[in-house]
Amino acid sequence: MGMMEKILPSAFARRRFLQATSALGVAGAASQTLRPIEAGAQRTSAALQTRITKNICHQCPARCGIDVYTTNGRVHAIYGSTEHPIANGKLCPKGPLGIYILYDPDRFRGPMRRTNPNKGRNEDPRFVPISWDEALDIVAKRLNDLRDRGESHRFALLYGRGWGASCAGLLGTFGKLYGSPNVPIGHSSMCSDGSIKARQALDGNAGYNAHDYRNTNYLLIFGASFLEAFRPYNYLMQMWGYIRGEKSPKTRVTAVDVHMNTTLAASDRALLIKPGTDGALALAIAHVILTEGLWERSFVGDFSDGVNRFRTGETVDPASFEEKWVRGLVEWWNIEVKDRTPQWASEVTTIPVRDIVATAREFGSTRPAMALFERGAHAHTNGILNAMAIHTLNALVGSLFAKGGMMYQMPPAYGPLPANADDYLDDYARNGPWKRHPRIDLKGHPDGYLLANNMMQEVGPNSLNGRPYKLDTVMFYQNNAVWTAPNCRQWEEAAKEWFIIDTSPFPSETAMMADLILPDHTYLERYQDAPTYPFEGWPLTQLRTPAIEPLFDTKYFGDTLIEIGKRIKGPTGEYYRKLGSAENVLRHLAAGFARAPGDNGVKDFETWKEKGVWYRKPYLWQQRNGEFYEWDGRDYTRRMSPEEVKAKLLKTPSGKFEIRSGWLEQHAAWIAEKTGRSPAKLMFPHWEEPKHPGGGDLYLVTPKVALHAEGRGANIPHVIALLQPTVGGRSEAYIEIHPRTAQERGIKNGDLVRVSSELGSIVGRVRLYEGVRPDTLVYPMENGHWAMGRWARGRLPGHSGEITVNLSDRISGQCAYYTTKVRVEKA
Amino acid sequence: MSTAVLTRSSLPPISWTLVLLVLGLVGSVVAGGYVISQLQAHGHAAFHGDSRGLFWTLPIVTYDYFVLATTGLVMIASLWTVFGLSAFAPIARRSLALAVASLGGAVVALFMELGYPVRALLLIPFSFTWSAPLFWKVWGIIILSAALVVLFLTWIFPGKDERPALPAALVAFGAAIFVAVVAGGVYGWMSMRPVWYGGHTSIAFLVEGLLTGSALLVLFSWIIYGFRGEQAGRGDTPAFGEPFRLLLVVLVAAHGILQLSRLVSGLYSNLDGMEVWHHLWGEPLFHAELWLGLGVPLALLLLPQTRHEAYALPLAAAVVLLAAFLSRYHFVIGGQMVPLFKGSWAPDLLHYTPSLAEYAVLVTSVSVMAAIFAALQLLLRSSGSLSAQS
Amino acid sequence: MTKWGMVIDLDKCTGCQACTTACSMENTRLPGENWQDVLFYSEGSYPNVNMRWFPRPCMHCERPSCVDVCPTRATYKDPNGGFVLIDWDRCIGCKACMVACPYGVRFYTDERAVVEPDVRSVFPGEGKRQWSPPYSSPHDDPKHGVGVQPKGVVSKCTFCYHKVSKAPAGAADLDEDDPATKEYTPACVRVCPPKARYFGDLDNPKSKVNKLIADKRGVRLLDHTGNKPQVYYLSGGAGAAVPSSRSSQGRS
């Protein structure tokens with residue numbers, strides 16, 4: 001129960017009801033007004049009683065530790081926590097937004113049930129408030145009924161930003177115990193799986209890299225908005241200030257993107273590339289590195305006689321080269337790289353030869369150097385190939401696991417949960433009919449995406465088409481797929497067929513299509529764990545602690561799931577009763593710290609609450625001059641055997657960096673059939689023309705911006721007013737269009753335009769901008785909400801999801817957001 | 001020019017003064033009421049000012065316009081009260097009455113614009129902020145008002161024929177010039193605003209004051225004489241006679257020269273901020289205000305075909321008033337159109353269109369002025385102090 | 001006498017606007033009421049576009065033209081620290097100071113909201129305040145222009161007067177990395193992730209800000225206006241900005 005409800009239960013219920021019914025409407029302004037703060041209470045007290053509590057910022061996955069300032073019961077300030085190794089007392093521009101999120105006037109006040117059977121953009125759900133018990137019982141009944149009918153596979157749980165073991169971490173177990181392959185389905189395919197899969201293919205680690213930016217001397221950034229949205233964003237900017245402003249020598253940077261942004265402007269060299277062609281650039285850079293003998297011989301290996309035989313257009317005898325930690329270098333040269341000259345790449349990418357060569361030489365001759373990439377490079381149909389080409393550059397210069405290079409993130413030392421799920425599997429869980437059904441998104445299925453981690457963007461269309469089947473009940477956690485998915489209108493149709501349970505605190509589009517609202521606390525009101533996003537490699541996990549009592553009758557998702565679990569028939573219910581509550585789960589997780597106390601003294605739940613973060617330095621491994629060493633307690637001195645390297649670091653079939661990817665080769669037949677790629681090449685990074693659906697003549701790219709990384713700023717007016725400072729978007733975001741492109745279409749600065757693809761069209765206002773490629777339109781992602789609150793609703797430009805074709809990389813499953821081609825005309 | 005006392009039949013007919021009073025009151029109440037209701041409901045969001053750079057908008061333009069008209073009217077009255085030019089004796093009292101009315105209109109506009117107008121009255125005089133042009137301007141107006149009060153009490157209400165005591169007249173005259181110059185300084189001393197900056201601005205304000213003052217005098221005289229200026233004014237009320245025609249011609253020419261001078265200087269300059277002049281050059285209204293505002297009055301008053309027509313002077317006065325207002329508007333708004341340090345938030349020239357409430361402020365000011373003038377006229381008539389020589 | 005100054009290193013600044021949002025939070029500003037702002041400019045043609053930016057707090061000038069024109073002494077220069085502040089009990093909303101500021105740092109929020117619906121109608125003001133959101137800062141000091149302002153007055157950056165004025169006496173610099181001064185450091189300085197901002201006493205020869213200005217060619221913006229800001233920008237290199245001809249003089 002929320003604090004407010006305890007004081008005035010009936011008045012509160014009425015207020016919540018009013019709020020619920022006017023959730024869509026413009027009317028009812030009076031009911032939307034939060035009561036002004038008590039007059040005088042804060043202002044007159046000379047000695048302000050300010051409490052500082054620990055929490056983790058929620059606005060992106062970086063998980064910066066924050067100090068939350070609460071005075072006389074009101075949260076009013078958020079600063080980075082000085083003792084937190086990611087925040088270091090700093091915050092990105094999204095850090096303070098938590099105060100606006102907490103007090104968002106459009107928040108849900110408690111659980112509600114839909115009474116309007118019709119669903120759609122213009123339908124008012126007509127939610128009525130219900131109690132938590134009622135709500136949870138409805139869910140449990142539905143789930144139990146599905147199980148009884150042997151249709152438990154038709155329950156899906158989709159999640160977005162799952163933070164840690166006390167929320168998202170519980171989901172897999174739930175799916176296993178309850179009996180659904182669709183619990184959970186993560187959003188990673190609509191995120192950046194292209195990155196993850198490329199690394200899996202090359203070095204066997206299916207994850208994002210952690211990096212040692214502090215010691216790197218060169219950054220080559222492909223399509224990752226390092227200074228706007230790359231993660232951990234706050235920390236990256238701290239590193240930037242250090243490596244560019246303090247460190248000796250100064251780190252040099254070349255950045256590649258499709259429009260001029262702060263990342264490119266602040267770098268030493270900006271390269272404006274044709275969308276989807278980053279792989280060509282990377283291959284050409286590899287070509288220069290090899291032909292000019294710039295590769296790191298201690299890591300890669302060398303010609304037996306030391307003579308460089310890499311010459312443009314000429315094949316090399318693989319036997320003449322002794323590979324150290326890479327596999328397939330010469331074959332790669334022979335089959336692909338020998339012809340990928342800077343001249344060739346210049347034609348493909350539209351980047352001048354001079355700049356390609358200069359970049360390659362700098363990157364190849366500066367140690368340590370890192371090539372970074374993200375969605376800009378891989379959210380295309382050729383995405384995994386682009387990503388593999390870029391990541392291979394890191395191997396060529398020997399920065400894998402090196403000082404100033406990249407590594408992978410170690411998990412935290414969590415203790416076991418109160419119960420072991422395997423002890424609570426009943427027959428249904430072990431052999432129920434659910435086991436014979438594939439996942440709804442056809443992840444792991446040869447008809448779908450055999451090699452992907454998730455295929456969330458397929459859930460809506462697959463269910464709608466009944467292929468492989470139709471879902472019955474869908475629950476959403478930290479996910480607004482009804483709106484964020486490409487071709488979102490299709491999802492709206494699918495949603496009409498589902499019983500939807502939404503747990504968001506906010507009236508999102510998914511919530512508007514929901515049958516049941518089980519609102520979560522906002523992050524400042526809850527306990528929650530969050531192991532770090534890949535950072536510097538050494539393990540770190542942090543804790544949210546509430547700054548105040550929950551404002552409304554909301555419930556932490558972890559608890560919601562546990563309460564639902566308790567109501568599932570059979571041993572599943574017992575398991576969740578053993579778990580008890582999310583807080584109990586957290587206590588058990590923290591018990592693991594006893595045997596691995598944090599560097600700051602955190603050894604249990606209480607100390608974890610106090611400090612907010614547990615971490616243990618250092619990262620345990622380092623590659624130095626082609627040898628791998630393990631930490632011995634004082635330094636990296638213990639030489640590792642190749643078997644150890646394979647087990648812990650280069651987790652590929654050969655234990656090396658596989659330019660010729662063994663993992664892809666294992667699935668060569670499937671890949672060849674589904675992608676049409678040549679069986680001789682498909683396991684190597686190679687150039688492939690990207691496909692561009694949509695029917696238009698201009699590329700459409702929608703990057704994240706500094707103030708809007710994961711779309712949580714849509715209903716915050718302070719965000720809207722600052723959203724797009726590069727071109728002045730201050731009450732709406734502008735569509736960046738090159739002046740010539742505009743002129744050719746009779747479009748002037750500030751005009752309203754229609755951007756259309758084969759799916760439909762959206763409307764927005766343009767800003768003529770020389771910094772955008774003439775063949776490309778760019779505007780920040782996630783605008784054009786039709787729900788989400790009074791500030792979000794209807795704000796231009798329209799939502800890119802309405803015109804983005806749902807097309808994905810067949811290997812990684814990465815949703816190819818930036819691949820649709822559109823038309824633009826005056827509206 | 002004869003100064004013989006005339007019979008009551010030569011007085012302006014009471015009817016038009018009454019009409020003026022009624023119109024003025026109605027306008028004040030309706031327009032003023034609208035503005036006040038908008039301000040109550042929305043605060044100054046009812047106006048279209050913008051912190052990106054358009055701070056002083058139509059209400060300030062209105063305020064400045066009427067303050068300057070006040071100074072001009074006092075200076076014209078001083079032609080008789082200080083300098084003894086008998087040609088201007090017949091209009092001196094009316095001029096001062098119109099000055100008071102104009103000041104009323106100005107104050108009303110200012111009060112609707114300021115965040116705390118009453119606080120302004122209390123705090124400004126004794127703040128002793130010597131460096132602030134507005135401090136000096138307020139004191140100028142205080143002194144001018146005091147001098148006007150003295151003149152009304154000792155000279156106008158008693159209805160004396162001869163000139164008033166020199167000290168009060170001199171102080172009023174000096175204060176009028178002072179206010180005009182400082183009012184110009186409020187703009188002209190702002191070195192960070194190239195469109196406004198320079199010593200010429202004070203001169204331009206001085207001339208504009210005289211210009212608008214004389215035009216207002218002509219127009220209001222014509223109105224209260226029932227639009228039959230020539231007939232009523234034959235030799236009696238020189239507001240329609242030769243000295244005024246000459247005065248207006250000279251002032252229009254002077255104003256024109258000053259306008260053209262700053263226009264050329266603005267068009268010529270590469271300096272950041274001066275591109276506003278090029279923008280204005282592209283605006284039809286600017287050209288209308290400049291060329292028609294200059295040409296039409298001069299043509300009417302100089303061309304043999306028109307100069308002696310009854311409508312010439314009043315029509316010229318009306319055109320002058322409109323053109324001068326637009327000129328003031330373009331000057332004030334133009335000087336703020338180039339945003340200072342707003343980056344991408346305001347990448348081009350700022351654009352401004354007045355809100356309905358701001359138009360209503362103008363209407364209110366004009367109505368208040370009309371009402372006060374008409375009321376003063378009636379007051380002076382009824383107290384018998386209104387002779388043919390007013 | 002302390003003369004607080006700010007130094008901003010443009011080599012490090014990433015243009016992220018963390019300073020702007022931190023200020024907005026710390027001082028409870030309205031959307032778009034950017035007491036601290038980062039201004040972006042672009043020129044050049046594709047593909048050679050020169051995009052640049054700089055953070056813009058109030059310059060707290062040594063010879064503030066805004067103080068010169070204020071007819072009620074609402075805007076004043078506090079000799080203790082060199083802050084330029086606004087007394088909201090004296091401000092009449094005439095906006096002469098806004099006209100006179102060459103750096104566009106002042107706001108008159110009694111105007112149309114930048115983002116609709118107006119957040120002031122969602123959280124109506126209690127008492128004289130324009131608005132009273134639940135996340136309002138607990139600091140209220142109208143005499144120094146701190147907190148949520150009343151209607152009809154001008155507002156601007158105060159160099160976080162409510163924090164800085166309580167700093168330990170004699171501190172040469174206010175640094176967020178120093179536990180003794182962290183809570184007294186202005187919000188924009190405290191939060192800056194690349195540590196591009198510094199705050200210290202320009203009158204103290206030992207302060208870091210003075211050292212940075214000397215070492216890295218600190219310049220004042222628009223120095224030809226003669227206002228002499230107390231905010232310096234590090235441009236590095238040989239330094240092309242021309243100082244005003246009177247910059248070395250004291251206040252006349």
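Residues numbered from 1 in each chain as written. Chains lettered and ligands numbered in written order. Predicted model: local features only at pLDDT ≥ 70, side-chain atom pairs only at ≥ 80, totals over all residues. Heavy atoms only, no water.

The subject of this paragraph is the overall build of chain B. A tally of regular secondary structure across chain B gives 13 helices and zero strands. In chain B, the succession of helices and strands from N to C terminus is α-α-α-α-α-α-α-α-α-α-α-α-α. For a compact globule of 390 residues, the expected C-alpha radius of gyration is about 21 Å, and chain B comes in at 21 Å, within 12% of that figure. C-alpha atoms of chain B, sized along the principal axes, occupy 70 × 50 × 40 Å. The burial tally for chain B puts 58% of its 390 residues in the buried class. Nonlocal contacts in chain B, meaning residues at least 24 apart in sequence, comprise 78% of its contacts between residues at least 6 apart. Of the accessible surface of chain B, which amounts to about 14,800 Å², a share of 72% is contributed by carbon and sulfur atoms. Where the 17 positive side-chain charges of chain B centre and where its 16 negative ones centre are 10 Å apart. (Helix = DSSP H or I, 4+ residues; strand = E, 2+ residues; numbered from the N terminus. Rg over C-alpha atoms; globule rule 2.2 N^0.38 Å. Buried < 20%, exposed > 50% of the residue type's maximum accessible area, 1.4 Å probe, protein only. Contact = heavy atoms within 4.5 Å. Areas by Shrake-Rupley, 256 points an atom, 1.4 Å probe, with all protein chains shown as cover. Lys, Arg positive; Asp, Glu negative; His and termini not counted. Charge placed at Lys NZ, Arg CZ, Asp CG, Glu CD.)

Here we take up the interface of chain C and chain A. Chain C puts 62 residues into the contact, and the matching count from chain A is 68 residues. Between chain C and chain A, the buried area comes to about 5,300 Å², and carbon and sulfur atoms account for 62% of it. Contact with chain A buries area across many residues of chain C, yet M25, Y46 and Y135 of chain C alone supply 14% of it, more than any other trio. The interface formed by chain C and chain A includes three salt bridges. Here chain C and chain A share 16 residue pairs in polar contact (both at pLDDT 80 or more) between them. If you list the elements that add at least two residues to the side of chain C that touches chain A, you get α1 (18–26), β2 (37–43), β3 (50–56), α4 (119–122) and α6 (187–191) of chain C. The element best represented in the side of chain C that touches chain A is α1 of chain C, accounting for seven residues. Residues that form the side of chain C that touches chain A fall into these classes: 31 nonpolar, 16 polar and 15 charged. (Buried area = accessible area lost by both parts, 1.4 Å probe. Salt bridge = Lys/Arg side-chain N within 4 Å of Asp/Glu carboxyl O. Polar contact = N/O pair within 3.5 Å; in protein donor to acceptor, adjacent residues only side chain to side chain. Nonpolar A, V, L, I, M, F, W, Y, C, P; charged D, E, K, R; others polar.)

With that settled, the discussion passes to the packing of helix α5 (residues 133–156) of chain B against helix α6 (residues 166–188) of chain B. Residue and element names in this part refer to chain B. Interaxial distance between α5 and α6 falls to 8 Å at its minimum, and their mutual angle equals 155°. By the criterion of interaxial angle, the relationship of α5 to α6 is roughly antiparallel. As α5 packs across α6, the resulting crossing turns out to be left-handed. Residues P133, L134, W136, K137, G140, I141, I143, L144, A147, V150 and L151 of α5 form the contact with α6, whose own contacting residues are A168, A169, V171, A172, A175, A176, F178, V179, V182, A183, G185 and V186. Within the contact of α5 with α6, the residues separate by chemical class into 20 nonpolar, two polar and one charged. (Axes fitted to C-alpha atoms, helices over the stretch in contact; angles between N-to-C directions. Parallel < 35°, antiparallel > 145°, perpendicular 65-115°, else oblique. Left-handed = near helix turned anticlockwise from the far one by under 90°.)

Moving on to the sheet that holds strand β24 (residues 627–631) of chain A. Residues and elements named next belong to chain A. Reading across the sheet, the three strands line up as β23-β24-β25 and stay open at both edges, with antiparallel pairing between neighbours. Pairing within the sheet leaves two strands with one partner each, and these edge strands are β23 (621–624) and β25 (636–639). Strand-to-strand twist across the sheet, computed as the mean angle between neighbouring axes with direction ignored, equals 45°. Where β24 meets β25, three bridges bridge the pair, whose relative direction is antiparallel. Residue pairing for β25: Y629 is matched across the bridge by R639. (Pairing = 2+ DSSP bridges.)

The next point concerns the interface of chain A and chain B. By a frequent convention, interface size equals the accessible area lost on bringing the separate parts together. Each partner contributes to the interface: chain A provides ten residues, whereas chain B provides five residues. When the buried surface of chain A facing chain B is broken down by residue, P725, R730 and R767 of chain A rank first, second and third, together holding 64% of it. There are zero salt bridges connecting chain A and chain B. Split by residue class, the side of chain A that touches chain B holds four nonpolar, four polar and two charged.

Looking now at the confidence of the model for chain B. Residues and elements named next belong to chain B. Confidence in the prediction for chain B averages 91 pLDDT; 92% of positions are at 70 or higher. A low-confidence stretch, residues 1–9 (pLDDT under 50), is modelled with five contacts involving residues beyond four sequence positions or located in other chains. Note on residues 232–236: pLDDT under 50 across the span, and six contacts to partners over four residues away in sequence or across chains. Two numbers describe this predicted complex: its pTM, 0.93, and its ipTM, 0.96. (pLDDT = per-residue confidence, 0-100.)

So, about helix α23 (residues 571–579) of chain A. Residues that lie three or four places apart on an α-helix share one face, since the helix turns once every 3.6 residues. Residues and elements named next belong to chain A. If you check which residues of α23 are buried, you get T572, G573, Y575, Y576 and L579. Along the long axis of α23, the arc covered by the buried residues comes to 155°, so they all point the same way. Next to the buried residues of α23 lie α5 (132–148), α6 (171–178), α22 (557–566) and α24 (582–591). G580 sits one or two residues past α23 and shows a positive phi near 80°. (Arc of directions from axis to C-beta.)

This brings us to the domain arrangement of chain A. All names here are of chain A. Looking at the assigned domains, one finds that chain A contains domain 1 (135–205 + 417–502 + 509–520 + 556–580), domain 2 (209–408 + 655–675) and domain 3 (698–826). One C-alpha centre belongs to domain 1, the other to domain 2; they are set 37 Å apart. Facing the 19 residues of domain 1 at the interface are 25 residues of domain 2. Counting the surface domain 1 buries against domain 2, the share from its top three residues, R199, L202 and L451, is 36%. Our count for the domain 1 to domain 2 interface comes out at zero salt bridges. (Domains from an automatic or database assignment.)

On to empty space enclosed by the protein. Residue and element names in this part refer to chain A. The space that makes up the largest cavity amounts to roughly 910 Å³. Residue lining of the largest cavity: 45 residues in total, with Q478, N480, T484, E710 and R712 positioned closest to the centre. Contributing elements (two or more residues each) for the lining of the largest cavity: α4 (98–102) and α19 (481–484). Residues that form the lining of the largest cavity fall into these classes: 15 nonpolar, 21 polar and nine charged. Of the residues that make up the lining of the largest cavity, three or more belong to each of domain 1 (135–205 + 417–502 + 509–520 + 556–580) and domain 3 (698–826). (1 Å grid on protein atoms, 1.4 Å probe; cavity = no way out; pocket = protein on both sides within 12 Å on 5 of 7 lines; lining within 4 Å. Points joined across faces, edges and corners; volume = space filled by probe spheres on them.)

Residue and element names in this part refer to chain A. One open sheet holds the three strands; their spatial order is β20-β21-β22, and the pairing between them is antiparallel. Strands with a single pairing partner mark the edges of an open sheet, and in this sheet they are β20 (528–531) and β22 (613–615). Strand-to-strand twist across the sheet, computed as the mean angle between neighbouring axes with direction ignored, equals 15°. The pairing of strand β21 (residues 540–544) with β22 spans three bridges and is antiparallel. Bridge pairing in β22 links Q542 to V613.

A word on the side chain of Q200 of chain A. Within the fold, Q200 of chain A resides in helix α7 (residues 193–203). Sequence-distant contacts of Q200 of chain A, that is, excluding residues within four places in its chain, are made with N205, A206 and W663 of chain A.

This next bit is on the packing of aromatic side chains. Summed over the entire model, instances satisfying the criterion amount to 72 aromatic pairs over all chains. Note on F593 of chain A and W614 of chain A: the rings are 4.9 Å apart at their centroids and 10° apart in plane angle, and the pair reads as stacked. You can see F593 of chain A sitting in the loop between α24 and α25 (605–611) and its partner W614 of chain A sitting in strand β22, a full 21 residues away along the chain. Each ring, one from W131 of chain C and one from Y135 of chain C, has its centre 6.2 Å from the other, and the planes form 75°; the classification is edge-to-face. (Phe/Tyr/Trp six-rings, centres within 6.5 Å; stacked < 30°, edge-to-face > 60°.)

Our focus in this paragraph is the pairing of strand β5 (residues 83–86) of chain C. Residue and element names in this part refer to chain C. Covered by surrounding structure in β5 are F83 and L85 together with V84 and I86, the residues of both alternating faces. Relative to β5, strand β4 (residues 75–78) is paired through four bridges, and the arrangement is antiparallel. In the strand pairing of β5, D78 is matched with F83. Taken together, β4 and the strand that follows it, β5, pair antiparallel across an intervening segment of four residues, in which G81 is found at a positive phi of about 115°.

Attention now goes to the nonpolar core. Judged by nonpolar contacts, the single largest core of 394 residues is most densely connected at F222 and L393 of chain A. Take this core: its biggest share by element is 16 residues, from helix α2 (residues 58–81) of chain B. Excluding residues within four positions of it along the chain, F222 of chain A makes contact with V256, D278, L281, A282, I285, L372, F373, E374, A377, I390 and L393 of chain A. If you look at the next biggest cluster of nonpolar residues, it comprises 55 residues, including L136, A413, L516 and W614 of chain A. (Core = buried A, V, L, I, M, F, W, Y, C linked by side-chain atoms within 4.5 Å.)

We now examine the packing of α5 of chain A against α6 of chain A. Residues and elements named next belong to chain A. The interhelical angle for the contact between α5 and α6, taken along N-to-C directions, is 45°, at an axis separation of 12 Å. Comparing the axis directions of α5 and α6 gives the class oblique. Between α5 and α6, the contacting residues are L143, L146 and R147 on the first element and F174, L177 and Y178 on the second. Grouping the constituent residues of the contact of α5 with α6 by class yields five nonpolar, no polar and one charged.

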